[in-house]
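# Working through the structure, step by step
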Amino acid sequence: MQRYNLPGNSIEIVIPGDYKPKQMKSAPSLPKKSPKSSPHTSPKKPLRYIASRSLFIVCGLATLGNIPVYSMISTPDASSSVLNLTEVESGSPAQVLQDLNLPAVASESFSGFAMDILPDAQQGNWKMRTLVEGDTLETALDALKLSKLAKPLLKDAAIAQELETLKPDAALLVQVVDDQLQQLIYTKGKNNTYIVSSTDNGFVGKWESDVFEIRESKIAFTVKHSIQRDGKEAGLSNSLIRQLGHVFRQDVDFKKGLRAGDKLGVIFEDYQYQGASIYTDKVLAAEYSHRETTKQRVRFTLEDGKTDYFSPNADTELKRTAFDRTPVAGGRMSSGFGMRRHPVFGFRKAHAGQDFAAPRGTPIHATADGQVKFLGRQGGYGNVVELRHINGITTLYGHMSGFKQGLGSGHSVKRGDVIGYVGSTGTSTGNHVHYEYRMNGVAQNPVSVDLPQVGIMSAKEMQQFKNHASAMIQQLTELRKVAAADAPAPKQNGG
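Residues numbered from 1 in each chain as written. Predicted model: local features only at pLDDT ≥ 70, side-chain atom pairs only at ≥ 80, totals over all residues. Heavy atoms only, no water.

As a further point, take the sheet that holds strand β10 (residues 276-290). Strands sit in the order β8-β9-β10-β11-β12 across an open sheet of five strands; the sheet is antiparallel. Looking at the sheet topology across the chains shown, the edges are occupied by β8 (212-222) and β12 (307-310). Between one strand axis and the next, the sheet turns by 25° as a mean value, whatever way the strands run. Sheet topology note: the β10/strand β11 (residues 293-301) ladder contains six bridges and is antiparallel. Paired with Tyr288 across the strands is Lys295, a residue of β11. (Pairing = 2+ DSSP bridges. Helix = DSSP H or I, 4+ residues; strand = E, 2+ residues; numbered from the N terminus. Axes fitted to C-alpha atoms, helices over the stretch in contact; angles between N-to-C directions.)

A word on the nonpolar core. The tendency in soluble globular proteins is for nonpolar side chains to be buried side by side. Residues Phe323, Ile364, Leu387, Tyr397, Val413, Ile419 and Tyr437 are the most contacted members of the largest nonpolar core, which totals 23 residues. Of all elements in the fold, only β20 (383-388), β21 (393-403), β23 (418-422) and β24 (432-439) reach the threshold of two or more residues within this core. Every residue in contact with Tyr437, bar those within four places of it in the chain, is listed here: Phe323, Ile393, Thr394, Thr395, Val442, Ala443, Gln444, Pro446, Val449, Leu451 and Pro452. (Core = buried A, V, L, I, M, F, W, Y, C linked by side-chain atoms within 4.5 Å. Buried < 20%, exposed > 50% of the residue type's maximum accessible area, 1.4 Å probe, protein only. Contact = heavy atoms within 4.5 Å.)

The next subject is the sheet that holds strand β5 (residues 180-187). Spatially, the five strands line up as an open sheet ordered β3-β4-β5-β6-β7, and their pairing is antiparallel. A single partner strand is all that each edge strand has here, and the edge strands are β3 (125-130) and β7 (202-208). Taken pair by pair, the neighbouring strands of this sheet meet at an average axis angle of 20°, ignoring direction. Pairing of β3 with strand β4 (residues 171-177), which is carried by six bridges, proceeds in the antiparallel orientation. Pairing of Trp126 across the sheet is with Gln175, part of β4.

A few words now on the pattern of salt bridges. Enumeration over the complete set of coordinates arrives at 12 salt bridges. As a salt-bridge pair, Glu233 and Arg229 come within 3.7 Å of each other at their nearest N and O atoms. With Glu233 and Arg229 both in helix α5 (residues 227-234) and four residues apart, this pair spans about one turn of that helix. Several salt bridges share partner residues, and in doing so they unite Lys373, Glu386, Glu436 and Arg438 into one network. (Salt bridge = Lys/Arg side-chain N within 4 Å of Asp/Glu carboxyl O.)

All right, on to the environment of Ala443 then. Tracing the sequence through the fold places Ala443 in strand β25 (residues 442-444). Sequence separation between Ala443 and Phe337 is 106 residues; the distance between their C-alpha atoms is 9.4 Å.

Right, let's get into helix α6 (residues 238-247). Regarding α6, the residues found buried are Leu240, Ile241, Gln243, Leu244 and Val247. Around the axis of α6, the buried residues are gathered within 160° of arc, so they sit on the same side. Taken together, the buried residues of α6 touch α5, β9 (263-273), β10, β11 and β12. (Arc of directions from axis to C-beta.)

A few words now on the confidence of the model for the chain. Put simply, the chain has an average pLDDT of 77, and 71% of its residues get 70 or more. Predicted confidence for residues 24-44 stays below pLDDT 50, and this span has seven contacts to residues more than four positions away or in other chains. Predicted confidence for residues 489-495 stays below pLDDT 50, and this span has zero contacts to residues more than four positions away or in other chains. (pLDDT = per-residue confidence, 0-100.)

Attention now goes to α5. Within α5 the residues assigned to the buried category are Ile227, Asp230 and Gly231. Seen from one end, α5 has its buried residues packed into an arc of 100°, which puts them on one side. One or two positions beyond α5, positive phi appears at Gly235, with a value near 115°.

Before going further, it helps to spend a moment on the pairing of β5. Counting buried positions along β5 yields seven of eight residues, so the element is predominantly enclosed. Where β4 and β5 come together, seven bridges link them in antiparallel fashion. Across the sheet, residue Val177 finds its bridge partner in β5, namely Gln180. The hairpin turn running from β4 into β5, its antiparallel successor, is two residues long, and Asp178 in that turn takes a positive phi close to 55°. For β5 and strand β6 (residues 193-199), the ladder comprises five bridges, and the chain directions are antiparallel. What sits directly across from Tyr186, in β6, is Tyr194.

So, on to the environment of Ala121. Topologically, Ala121 is positioned in the loop between β2 (83-84) and β3. Residue class for Ala121 comes out buried when judged on its relative accessible area of 4%. Sequence separation of Ala121 and Tyr273 is 152 residues, and the distance between their C-alpha atoms is 7.1 Å. Ignoring anything within four residues of it in the chain, the contact list for Ala121 reads Trp126, Gln175, Gln183, Tyr273, Gln274 and Ile278.

Our focus in this paragraph is the packing of aromatic side chains. Under the defined criterion, the tally for this structure stands at 11 aromatic pairs. Ring plane angle 70° and centroid distance 6.2 Å describe the contact between Tyr271 and Tyr279, whose orientation is recorded as edge-to-face. Here Tyr397 and Tyr435 contribute two aromatic rings whose centre-to-centre distance is 5.3 Å and whose plane-to-plane angle is 40°, an arrangement assigned as tilted. With Tyr397 in strand β21 and Tyr435 in strand β24, this pair connects stretches of sequence that are 38 residues apart. (Phe/Tyr/Trp six-rings, centres within 6.5 Å; stacked < 30°, edge-to-face > 60°.)

Written out as structure tokens, the structure is:
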């Protein structure tokens, strides 16, 4: 540093030691004197000046902009120590930070725990089986024609243990891509699902609660072309379209009877995985409207385990005929009721029943619920079973080749139960079953007689059905509005 005294003024100018002022022509040369140190000037003043001003500026910026501060200033002297500005009093507005042990390479992670990437649920095909008593993984996959997939899956001991015991009525869904198992879902109900996924290192299985669910989905549309075309455009699977044809089989032929403008609404079971529909199963309720006529059906399982689609519109529709018209499936009527020429004796005689020809050994079914009144040999009827039913009605089945094993007099039978087998015992010219329908001992024509009606449900079942159907009908009514909005605009004629 150097100091200069100008005439008339005492001014102290501090400049770097290596600075040399230029000579000015208008001023005489000044004599050079030795510099004297000032008692008020210290060599460390530039350091304190820079540090204090920097701290003031940084603190101001941190206060105004809430900027995290982690700054350091070095002295010009290489041998000087580093000044860390975060080392301030706790009352300072500057944010005090601590050094972090960060990884040398940046990495990306999710909050929580590690996540496995699930295979794409939209690839390949999904198949489903509702499990029955005694099902194992092998038998379930065999029923789906996927038996070869069981062996590699069960090589994993943990997976084999989880799938060792399968619960009846649970669902097993399998995703197959290029003939290889991609994913398997075993679900016992809501929030109770075991998912197996294929990985590069084999199969991985774990219980999940938030990636799979069974929903009640709804679709409504108006027929413009055909149920196949319009149903698929609306989002129905081929399986659901086939089921609708079965549900309304007594009301309309879906292949020939539908007309443009007819409306359909359906509520169905929808299996959702990874946020997408992977499988649609049962129709739960449906509605078909043709002009002013509307038919509704609701799925319901009776106490005896039988499931059907019932109409909730009136109590009379919750009844059904108590008898079937014929006792054999696929039999051909070979002789009718009434007067005829006897095939063996040749004279005319009243035929008290109807004959249905069928191959020997064809099962013969009880046409209604009843009780065995007689079982054994009876003259020209050969081997006979006679059943007692409601309202003084009895039915007789003759010419049997044999009886159902274990069946005996006094035993109860249900409609459709096998009671014997077609034969040609007694006075007969060929394999057939002779079927009689009697009211108070008087033979009636089984084909034309008015059959009695019986309630489908008990009083308890009826109340359960009414409660269930009420909720479904409310949803179907709302769906009808959607179908109406989908209807094509009427044609406009003229101006």
